[in-house]
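Okay, here's what each chain looks like letter by letter:
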Amino acid sequence: MQDFLQQTLSGEAPRKRRGETAHLRWQWLYHGILLMEPVVPVKQALVLSAGIHGNETAPVEIMNQLVNALLRGEKPLQQRMLVILGNPSALRTGKRYVRYDINRLFGGRWQQVDDGDEARRVLRLEQALENFWLLGECDETRWHLDMHTAIRGSYHPQFGVMPQNDRPWPPAFLDWLAAAGLEALVFHRAPGGTFTHFSCEHFGAASCTLELGKALPFGENDLSQFSAAQQALAALLFGDPMPATRVKPRHYRVAQQITRLSEHFRLHMTPETLNFTAFPQGTLLAEDGDTRYYVQQAREYVLFPNPGVAAGLRAGLMLIEEGEQTQALPL
Ligand SMILES: O=C(O)CCC(=O)N[C@@H](CCC(=O)O)C(=O)O
Ligand SMILES: [Zn+2]
């Protein structure tokens, strides 16, 4: 196999399903799912995924360059690695999803939608992770980097969303995210069916959804904007030098979720509102029939505002910055 992305987009299985270079063995497991293992055993196991949303192409291009360099034998591999292109059908159409947003279906939620390609794909990805982590040694470190791009522009162009739990994050993981150029980290406690929540909750992985700029079609991305992330990935995968950390990421946590409940949902933000726009306490953010969403804390920042989601799904998150005053001020 010469090009993992082209192979995946073709919808065909490769003629040769396994192979090796001087540094590694690879095995094509299924469409968009590739196992790569160094010939010398290692103690790190990484799941690297992109294309969970079919219109988020920059991370797919970045990942494909790295993987193809490994397939050509040009680079050594420092991790046992499962490489995933999440939703091949959506990648082919250039749409976020075909029928269901698969990043809301992990953790068994795929069972709640009518049978379809995307529900089966989530089951396939859950099983792939299970096999991958089960194969490993129990003292392996487990990281999952799921790379996306955002629909809107952002005051922090590159940032991470991380499932929050009571375990401390490994310092090496936080250092890597900072070196990758993430300006902000958003900690989110409520599981929302995302891939990173699933890998963190079920396998104890250190997991992060990386948001690398704005969603654009294939061929329109300026990958030079992501040089820190590319270099940090090359350091992780190949053992290249780590880029210097330019800024320490700011930390936010989710204060409330805005949910679209019905077709009456109204979001009181313009299409130009950027991610991390701040709103003062008392601002009416959205309404849906009798339900109204207001800013509750002294100041909250919006993330992923999207009035067009299906009923029952997240239409935005409201954040507070760690260290800022979190008490509601008197009105
Ligand atoms: O820009 C948007 O509205 C969505 C970008 C995106 O796909 N973000 C992920 C975040 C996943 C997480 O919360 O960890 C998503 O919405 O699935
Ligand atoms: Zn996405």
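Just so it is clear, the model here is predicted, and its values are computed rather than measured.

Topic: the UniProt feature "active site" (unreviewed entry) in the protein
In this structure's numbering, the residues bearing the UniProt feature "active site" (unreviewed entry) are E211. Tracing the sequence through the fold places E211 in strand β9 (residues 206–214). Take E211: there are 26 C-beta atoms within 10 Å of it, and that puts it in the buried class. Contact partners of E211, with chain neighbours within four places excluded, come to H148, T149, A150, Q158, F159, G160 and V161.

Concerning the sheet that holds strand β14 (residues 291–294)
One open sheet accounts for three strands, arranged β11-β13-β14; its pairing is antiparallel. Since the sheet does not close on itself, it has two edges, and those belong to β11 (266–267) and β14, each with one partner. Note that strand β13 (residues 284–288) and β14 share four bridges and pair antiparallel. From the neighbouring strand, E287 faces β14, where its bridge partner is R292.

What about the pairing of strand β15 (residues 299–303)?
The element β15 is extensively covered by neighbouring structure, given that four of its five residues are classed as buried. With three bridges joining them, strand β12 (residues 278–280) and β15 adopt antiparallel strand pairing. Pairing of A278 across the sheet is with Y301, part of β15. Of the pairings in the sheet, the one linking β15 to strand β16 (residues 314–321) comprises three bridges and is antiparallel in character. By the bridge assignment, V302 is partnered in β16 with M318.

Notes on the UniProt feature "binding site: Zn(2+)" (unreviewed entry) in the protein
Feature annotation in UniProt assigns "binding site: Zn(2+)" (unreviewed entry) to the following positions: H53, E56 and H148. These residues run over 96 residues, yet every pair of their C-alpha atoms falls within 7.4 Å of each other. For E56, the contacting residues outside a window of four places in its chain are H148, T149 and A215. If you trace the backbone, H148 turns up in strand β6 (residues 141–150). Contact partners of H148, with chain neighbours within four places excluded, come to I52, H53, E56, P59, T209, L210 and E211.

Quick notes on the nonpolar core
Judged by nonpolar contacts, the single largest core of 88 residues is most densely connected at M63, V83, V186 and A229. Considering every element that reaches this core, the biggest residue donor is helix α2 (residues 58–71), with eight residues. When near neighbours in sequence (up to four residues on either side) are disregarded, V83 contacts F4, L34, M36, L48, M63 and V67.

Quick notes on the rules
- Going along each chain's sequence as written, the residues are numbered from 1 onward.
- By the order in which they are written, chains take letters starting at A while ligands take numbers starting at 1.
- Where totals are concerned, whole chains, interfaces and linings use all residues; where local detail is concerned, this predicted model gives features only for residues with pLDDT of at least 70, and gives and counts side-chain atom pairs only at 80 or more.
- UniProt positions are given in the numbering used here, feature names are shortened, and annotations may be inferred rather than shown by experiment.
- Each helix is a run of DSSP H or I of at least 4 residues and each strand a run of E of at least 2, with the numbering of both proceeding from the N terminus.
- Residues are called buried when their C-beta atom has 20 or more other C-beta atoms within 10 Å, exposed when it has 12 or fewer, and partly exposed otherwise; all C-beta atoms are positioned from the backbone.
- Placing C-beta atoms from the backbone, we regard two residues as in contact once those atoms come within 7 Å.
- Whether two strands pair comes down to DSSP finding at least two bridges between them.
- Put simply, a nonpolar core is buried Ala, Val, Leu, Ile, Met, Phe, Trp, Tyr and Cys residues tied into one set by C-beta atoms within 7 Å.

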